[in-house]
Amino acid sequence: MFQALADPTRRVMVERLGRGPTSVSEFAKPLAMSLSAVVQHLQILEASGLVRSEKVGRVRTCRIDPNALRTAEEWIARRRAMWALRLDRLGNYLTEQADKPQ
């Protein structure tokens with residue numbers, strides 16, 4: 001998932017999908033790339049689980065999968081809590097060292 005989001009174009013696409021579902025052709029309009037390149041980026045986003053799509057007739061519509069984003073958010077929150085604890089312990093240690101006579 002994070003590898004898929006490493007690409008700036010795919011991040012723009014995910015941000016766009018945050019406003020609501022859109023068709024593949026709508027993605028291609030503001031981007032300076034071919035429709036096939038847009039499809040390749042969407043395939044990577046789908047493989048990561050971030051995006052779901054469905055085809056009705058000749059139109060493929062994509063949307064964000066909120067469960068995938070929730071999974072990423074939970075992973076980040078656990079890392080943030082771990083680092084906050086470590087930084088708190090470092091702060092306490094540095095305070096103790098500063099209070100000791102030299």
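Note that the structure is predicted; figures quoted are calculated from it, not measured.

Colleague: Go over the packing of aromatic side chains, please, and point to the residues and values.
Modeller: As enumerated under the stated definition, the model contains 1 aromatic pair in all. Over the ring of Trp 83 we find Arg 86; its NZ or CZ atom is 4.9 Å from the centre of that ring.

Colleague: Can you explain helix H4 (residues 35-48)? Please cite residues and give values.
Modeller: Compared with the 20 Å implied by 1.5 Å per residue over 14 residues, the 20 Å span of H4 between its first and last C-alpha is a close match. Buried residues of H4: Ala 37, Val 38, His 41, Leu 42, Leu 45 and Ser 48, and no others. For H4, the angular spread of the buried residues around the axis is 140°, confining them to a single face. Buried-residue contacts for H4 involve helix H1 (2-5), helix H2 (8-17), helix H3 (24-28), strand E2 (51-56) and strand E3 (59-64). Phi turns positive, to about 90°, at Gly 49, one or two residues after H4.

Colleague: Residues and numbers for the pairing of E2, please.
Modeller: For E2 and E3, the ladder comprises 6 bridges, and the chain directions are antiparallel. Across the sheet, Arg 52 pairs through a bridge with Arg 63, a residue of E3. Counting the residues between successive antiparallel strands, the hairpin from E2 to E3 contains 2 residues, one of them, Gly 57, with a positive phi of roughly 65°.

Colleague: How would you sum up the side chain of Arg 10? Please name residues and give values.
Modeller: Position of Arg 10 relative to the elements: it lies in helix H2. Ignoring anything within four residues of it in the chain, the contact list for Arg 10 reads Gln 3, Ala 4, His 41, Ile 44 and Leu 45.

Reading the values: rules and limits
- Residues numbered from 1 in each chain as written.
- Predicted model: local features only at pLDDT ≥ 70, side-chain atom pairs only at ≥ 80, totals over all residues.
- Heavy atoms only, no water.
- Phe/Tyr/Trp six-rings, centres within 6.5 Å; stacked < 30°, edge-to-face > 60°.
- Lys NZ or Arg CZ within 6 Å of the ring centre and 35° of its normal.
- Helix = DSSP H or I, 4+ residues; strand = E, 2+ residues; numbered from the N terminus.
- Expected span 1.5 Å × (residues − 1).
- Buried < 20%, exposed > 50% of the residue type's maximum accessible area, 1.4 Å probe, protein only.
- Arc of directions from axis to C-beta.
- Contact = heavy atoms within 4.5 Å.
- Pairing = 2+ DSSP bridges.

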